[in-house]
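In case you want the letters, here they are:
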Amino acid sequence: MNLSSVTGGSAGLTAYIRGGGVTDGGYIMSEPEVALYVNDVYNARMQAALLDFAEIERIEVLRGPQGVLYGRNAAAGAINIITKQPADTLTGNVQVGYGTWNERRVKGYLSVPLSKDGKWAFSLNGIVRARDGGRQYNATLDRKVGKEDFQGGQFDLAYKGDAVKGRLNLFYVHLNSDGQWASNTVTGDDGRIVPLSGSYRTVLSPFPSYTTVTQKGGSLRLSADYPGGTITSITAYSRLKDRWGEDFSGGVYPSMIESTGDTPISLFERESRSKSWQASQETQFAGSLADDLVNYVVGLYYFHEQGDQDMNSTIFFAPSTTRFHAETNAWAGYGQFTFNVTDKLALVAGGRYTLEDKSLDATLAGTPAISRDHYEKFTPKLGVNFKPSRDMLLYASYTVGFKSGGYNGLASTAAQLATAYRPETTKAWEAGVKADIGRTVRGSIAGFVNKITDRQETVNLNDGGFLVENYNVRISGIEAELAWRPLTGLQIWGNGSINRGKYLSTDSAVGSLIGKNPPSLPKYQGTIGVDYSLPVGPGTAKLGADAAFRDQYFSTPDNLEVGHVKATQLFNAYAGYDVGPWNFQIAGKNLFNQTYWTTGFGFSVINPRIMANPRTMLGTVKYSF
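Residues numbered from 1 in each chain as written. Predicted model: local features only at pLDDT ≥ 70, side-chain atom pairs only at ≥ 80, totals over all residues. Heavy atoms only, no water.

A. Region of interest: the overall build of the chain. When helices and strands are counted, the chain shows two helices and 37 strands. Relative to a compact globule of 625 residues, whose C-alpha radius of gyration would be 25 Å, the chain shows 25 Å and is just as compact. Seen along its three principal axes, the alpha-carbon backbone of the chain occupies a region of about 80 × 60 × 45 Å. A total of 625 residues make up the chain; the buried ones form 50% of that total. For the chain, the proportion of contacts with a sequence separation of at least 24, taken over those separated by at least 6, is 64%. (Helix = DSSP H or I, 4+ residues; strand = E, 2+ residues; numbered from the N terminus. Rg over C-alpha atoms; globule rule 2.2 N^0.38 Å. Buried < 20%, exposed > 50% of the residue type's maximum accessible area, 1.4 Å probe, protein only. Contact = heavy atoms within 4.5 Å.)

Listed below in structure tokens is the structure:
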């Protein structure tokens with residue numbers, strides 16, 4: 001799994017699982033293959049800053065097609081971020097921190113019971129964070145860039161009765177930053193691609209990037225027990241305002257286009273203004289039948305999203321404007337039944353029926369682009385679970401995933417924009433084993449094969465525009481996880497995967513991706529980590545480190561060298577000390593300051609790469625009560 005920011009602006013969050021993700025996340029029409037949830041609520045436009053202020057209880061990662069257990073269809077996987085519920089006792093904490101680029105932060109959490117029995121409680125948490133420029137230096141504007149100001153907060157009201165439970169969650173986030181800065185590149189005499197400025201931490205564009213995002217919303221979760229099960233209702237709403245601007249050329253010297261002057265110029269300016277909102281309703285029944293012979297989950301799901309976006313671009317001094325209004329209405333019924341044949345053997349059968357209506361009303365350079373499209377699909381799931389012992393599970397499954405068609409926000413003509421690309425279907429086979437070895441070791445290993453029909457891929461047209469084509473793709477891999485607790489307070493853990501993927505066929509007239517590698521699919525990747533706590537004096541010392549290794553991969557489906565991300569080896573660590581109610585910690589990421597980039601594309605003299613974060617450090621002091 002890989003979480004990263006989208007390439008439009010600097011605030012959106014996207015995820016990749018088993019080679020599935022999204023490549024045009026800065027547009028209101030984009031839909032990811034990996035669904036992102038917060039407290040079981042699907043969020044089509046999740047902001048990365050949410051991970052910073054929320055009091056996260058756990059993160060659930062589901063690999064492979066999802067749709068028979070909850071929420072929206074997901075062709076490649078789902079990530080569900082579960083935040084902490086209000087406690088039945090008075091508790092809270094206050095944290096202050098200081099870090100790289102003069103980062104300052106104040107973060108707090110407070111949970112208060114509202115009744116003597118603790119059934120009613122509320123909580124508040126929030127953060128105020130600011131940092132100066134310094135992530136990169138703009139030589140043309142002669143200033144450090146990367147400045148950021150962020151405020152976020154969350155309110156929770158919970159009722160925890162014996163048979164009835166409820167939770168109201170409200171959130172607000174606001175980010176104002178320098179945005180994202182591209183580094184233009186050239187091919188040197190030795191054939192290597194290098195930054196035009198001489199360093200990825202030095203950018204040249206005279207165009208001032210920016211990102212401003214405001215997102216707010218809430219959800220209401222109600223559940224009630226009935227004989228043999230629980231009914232749950234989840235109602236959610238959120239609204240997003242997003243403004244960003246960036247020069248994707250990264251700055252070009254005039255001589256590169258046979259012009260005069262010494263000051264770099266911008267050749268690919270793009271600015272976006274968008275407003276969107278989404279609402280969803282889910283009703284779910286979960287329980288057991290016939291003395292636990294059958295366990296079931298069945299539900300109904302509705303999702304609506306609509307938004308408006310103005311996109312102004314100036315490419316090689318030629319201005320153009322695209323305006324979008326897009327709507328999605330999705331209905332689904334889903335269910336999964338587990339038949340416990342014996343204490344050791346269980347058979348799983350499930351399915352989902354999806355109906356989706358999409359509409360687009362747009363203009364590109366004044367030319368209308370209008371489309372109305374309908375999609376429907378039944379996607380089954382079959383599986384078998386076998387427990388040869390109490391500590392071991394063998395499993396195998398066959399699942400079909402679905403992602404509806406849509407519209408290409410990166411189109412260069414109105415005809416391309418109005419022509420919906422086809423939906424994609426994933427047939428996924430997976431088998432694996434999970435086991436506890438003694439009391440100290442827990443591990444798992446799984447193999448999978450995904451055959452994807454009509455996968456939606458974005459192809460560079462080499463003029464600032466992009467075309468979405470449908471390809472048949474095969475992706476396979478082996479994944480493993482291991483956790484070992486050899487001593488009290490010590491955990492050694494690791495995970496890794498080996499992956500393979502190829503584009504197989506297409507009915508596209510261009511067909512430029514055949515035989516190439518799908519994006520964001522390294523042949524191998526893995527992480528090894530250690531966490532250790534031990535008594536020292538009146539308190540407890542905590543130490544931890546991890547090393548993440550990832551093979552080279554292509555960030556774009558055309559496999560251009562400018563989008564080729566080299567192999568990376570990243571090292572992170574932390575050290576802390578707990579004494580009474582106090583916690584002191586210092587943490588560092590990318591400790592050896594490896595320079596690398598997350599993506600790149602190119603045409604003509606425009607060949608930008610987007611730099612990943614260099615070494616960052618953060619020291620915090622937290623008081624808990």
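There's plenty left to go through after this.
B. Region of interest: the sheet that holds strand β15 (residues 193-195). Overall, antiparallel pairing links the four strands, which are arranged β15-β14-β36-β35 in an open sheet. Either end of the sheet is taken by a strand with one partner, and the two such strands are β15 and β35 (597-600). Recorded for the sheet is a direction-independent mean angle of 40 degrees between the axes of neighbouring strands. Sheet analysis places strand β14 (residues 182-187) next to β15, joined by three bridges and oriented antiparallel. Bridged to T185 within β15 is P195. (Pairing = 2+ DSSP bridges. Axes fitted to C-alpha atoms, helices over the stretch in contact; angles between N-to-C directions.)

C. Up close: the nonpolar core. Within the largest apolar cluster, 26 residues are counted, with the highest numbers of intra-cluster contacts made by M29, F268, F324, L360 and L417. Put simply, the parts of the chain that give this core at least two residues each are β20 (294-315), β21 (318-340), β22 (345-364) and α2 (414-418). Examining the composition of this core, we find that three residues originate from one element, β22, more than from any other. Those residues in contact with F324 that lie beyond four places of it in its chain are Y27, I28, M29, G307, D308, Q309, M311, L360, D361, A362, G409 and L417. (Core = buried A, V, L, I, M, F, W, Y, C linked by side-chain atoms within 4.5 Å.)

D. How the structure looks around a nonpolar patch on the surface. Among the surface-exposed residues, L90, V94, V96, V106, W582, F584, Y623 and F625 lie close enough to one another that they form a single nonpolar patch of about 730 Å² accessible area. Only β7 (91-99) and β34 (582-589) provide two or more residues apiece to the nonpolar patch. Looking at where V96 falls in the secondary structure, it is placed in strand β7. (Patch = residues over 30% accessible without salt bridge, like charges linked within 9 Å, V, L, I, M, F, W, Y side chains within 5 Å. Areas by Shrake-Rupley, 256 points an atom, 1.4 Å probe, with all protein chains shown as cover. Salt bridge = Lys/Arg side-chain N within 4 Å of Asp/Glu carboxyl O.)

E. Here's a closer look at the side chain of R72. Here R72 is to be found in the loop between β5 (56-63) and β6 (77-83). Setting aside its immediate chain neighbours within four residues, R72 contacts E31, Y37, Y42, Q66, Y301, F303, T328, A330, R352 and E356.

F. Region of interest: the sheet that holds strand β10 (residues 136-138). Here three strands make up an open sheet; going across it, the order is β11-β10-β16 and the pairing mixed. Single-partner strands in this sheet number two, and they are β11 (143-145) and β16 (202-203). Taken together, the three bridges between β10 and β11 define a ladder with antiparallel strand orientation. Directly across from Y137, in β11, lies its bridge partner K144.

G. Up close: the packing of aromatic side chains. By the definition in use, this model includes 23 aromatic pairs. Plain terms: the ring middles of W120 and Y159 are 4.8 Å apart, the flat faces sit at 45 degrees to each other, and that makes the pair tilted. With W120 in strand β9 (residues 120-131) and Y159 in strand β12 (residues 148-160), this pair connects stretches of sequence that are 39 residues apart. Judged by its relative accessible area of 41%, W120 falls in the partly exposed class. A ring pair is formed by F268 and F601, whose centres lie 6.3 Å apart and whose planes are at 85 degrees; its orientation type is edge-to-face. You can see F268 sitting in strand β19 (residues 268-289) and its partner F601 sitting in the loop between β35 and β36 (608-611), a full 333 residues away along the chain. Each member of the pair F268 and F601 is classed as buried. Within the aromatic cluster, the residues linked to one another by ring pairs are W244, F248, F268, F316, F466, F601 and F603. When the ring centre of Y109 is taken as reference, the NZ or CZ atom of K84 above it lies at 4.9 Å. Lying across the ring of Y395, K434 places its NZ or CZ 5.7 Å from the centre. (Phe/Tyr/Trp six-rings, centres within 6.5 Å; stacked < 30°, edge-to-face > 60°. Lys NZ or Arg CZ within 6 Å of the ring centre and 35° of its normal.)

H. View of the side chain of Q456. Along the chain, the position of Q456 falls in strand β26 (residues 441-460). Q456 sits in the buried class, given a relative accessible area of 12%. A distance of 3.1 Å separates a polar side-chain atom of Q456 from the backbone oxygen of S404. Beyond its immediate sequence surroundings of up to four residues, Q456 is in contact with K403, S404, G405, Y421, R422, P423, E424, V468, E469 and N470. (Polar contact = N/O pair within 3.5 Å; in protein donor to acceptor, adjacent residues only side chain to side chain.)

I. Quick look at the environment of P368. Mapped onto the secondary structure, P368 falls in strand β23 (residues 367-389). Classification of P368 by relative accessible area gives exposed; the value is 55%. C-alpha separation for the pair P368 and A415, spaced 47 residues apart in sequence, amounts to 8.8 Å.

J. Just a positive patch on the surface, in detail. Together, K216, R239, K241 and K275 make up a positively charged patch on the protein surface. Relative to the helices and strands, K216 is located in strand β17 (residues 210-226). (Lys, Arg positive; Asp, Glu negative; His and termini not counted. Charge placed at Lys NZ, Arg CZ, Asp CG, Glu CD.)

K. Representation of the pattern of salt bridges in the model. Applying the stated criterion across every chain, the model contains 29 salt bridges. Its salt-bridge partner being E55, residue K84 comes within 3.8 Å of it at the nearest N-O pair. Within this pair, whereas K84 is found in the loop between β6 and β7, its partner E55 is found in the loop between α1 (50-53) and β5, the two being separated by 29 residues in sequence. The partly exposed category is assigned to K84, whose relative accessible area is 32%. Overall, the relative accessible area of 13% leaves E55 in the buried class. Across the salt bridge formed by D436 and R442, the nearest N and O atoms sit 2.7 Å from each other. D436 gets classed as partly exposed once you look at its relative accessible area, which sits at 27%.

L. Quick peek at the environment of Q594. One can find Q594 in the loop between β34 and β35. Given the relative accessible area of 16%, Q594 is considered buried. In this structure, the C-alpha to C-alpha distance between Q594 and Q569, residues 25 residues apart in sequence, is 7.7 Å. Setting aside chain neighbours within four positions, we find Q594 in contact with K566, A567, T568, Q569 and L570. Within the structure, Q594 has its side chain in polar contact with the backbone oxygen of A567 (distance 3.5 Å). Among the polar contacts listed, one links the side chain of Q594 to the backbone nitrogen of Q569, at a separation of 2.9 Å.

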